Amino acid sequence: MLQLTDLHISRLFPASWARATVARANATGVDLIVITGDFIDGSVTMRRDDVEPLRDLRAPDGVFAIPGNHEYFFSHDDWMRHLSGMGIRMLPNAHVVLARGEGRLVLAGVTDLSAPQHGRPGPDLAGALAGAPRGVPALLLDHQPRAARRAAASGVALQLSGIRMAAWSSDWTGSSRRPITGSCPAGTRLVE
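Cut-offs and rules
Residues numbered from 1 in each chain as written. Predicted model: local features only at pLDDT ≥ 70, side-chain atom pairs only at ≥ 80, totals over all residues. Heavy atoms only, no water. Phe/Tyr/Trp six-rings, centres within 6.5 Å; stacked < 30°, edge-to-face > 60°. Buried < 20%, exposed > 50% of the residue type's maximum accessible area, 1.4 Å probe, protein only. Helix = DSSP H or I, 4+ residues; strand = E, 2+ residues; numbered from the N terminus. Pairing = 2+ DSSP bridges. Salt bridge = Lys/Arg side-chain N within 4 Å of Asp/Glu carboxyl O.

### Thoughts on the packing of aromatic side chains
Next up, step 1: Evaluation of the coordinates by the stated rule reveals 1 aromatic pair.
Next up, step 2: Each ring, one from Phe13 and one from Trp17, has its centre 5.1 Å from the other, and the planes form 55°; the classification is tilted.
Next up, step 3: Given a relative accessible area of 17%, Phe13 falls into the buried group.
Next up, step 4: On the accessibility criterion, Trp17 (7% relative accessible area) is buried.

Structure below.
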């Protein structure tokens, strides 16, 4: 599985950057790609061409995502329709069951804490897990990590979050920026 988060595709991180990120993601050969929000900084009209490379994300078990707070700043409904139309399966307070052989995994997602401030439903973990099979591990996508303990107490085996600004690495010349994806609490480090 590969987690992408806080891409903030924008004038600063345009289509060329998104294309390179997609190429690196696809080169990992992972079975599942999840995106934990903050795809963009701008409206669909402003960022349509810049996000287009995300259409090419590929993983056998799919590409799933949740909105971050930035999607609410820039016409949430337009973004959810656009991203879904690109083949990214959105999980706002919803889940899917992924199966491989006898193994199953509940992949659930919740909306962002800021959603109610924008007239949208807030995060609803109970709703996201409603109807999920008992005894199957649940992986939760939640843009903000604040409710991780509550999610664990509700039976979530693992929560992946965003909201923290992405870390970056570059070669010694500074000519290439490469995203290091994931969300890390203080004191941990990311390894590529």
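Next, the rest of the story.
### A look at unusual backbone geometry
Next up, step 1: A positive phi angle, close to 50°, is found at Asp6, a residue other than glycine.
Next up, step 2: Among the secondary structure elements, Asp6 is positioned in the loop between strand 1 (2-4) and helix 1 (15-27).
Next up, step 3: Phi at Asp38 is positive, roughly 55°, even though this residue is not glycine.
Next up, step 4: Of note, Asp38 is situated in the loop between strand 2 (33-36) and helix 2 (44-51).

### Thoughts on the pairing of strand 6 (residues 103-109)
Next up, step 1: Looking at chain direction, strand 5 (residues 94-100) and strand 6 are connected through 7 bridges and run antiparallel. Opposite Arg100, over in strand 6, you have Gly103 as the bridge partner.
Next up, step 2: Joining the antiparallel neighbours strand 5 and strand 6 is a turn of 2 residues, in which Gly101 adopts a positive phi near 60°.
Next up, step 3: Pairing between strand 6 and strand 7 (residues 138-141): 4 bridges, direction parallel. Bridge pairing in strand 7 links Gly109 to Leu141.

### Re the pattern of salt bridges
Between side chains of opposite charge, a pair can form as their charged atoms come close.
Next up, step 1: Applying the stated criterion across every chain, the model contains 6 salt bridges.
Next up, step 2: Taking the shortest distance from any N to any O, the salt bridge between Asp50 and Arg47 comes out at 2.9 Å. With Asp50 and Arg47 both in helix 2 and 3 residues apart, this pair spans about one turn of that helix. Arg47 carries the same exposure label as Asp50, and that label is buried.
Next up, step 3: With its nearest N and O atoms 2.6 Å apart, the salt bridge here joins Arg81 to Asp78. Within this pair, Arg81 and its partner Asp78 are both found in helix 4 (residues 76-85), separated by 3 residues, close to a single helical turn.
Next up, step 4: A relative accessible area of 56% means that Arg81 is categorised as exposed.

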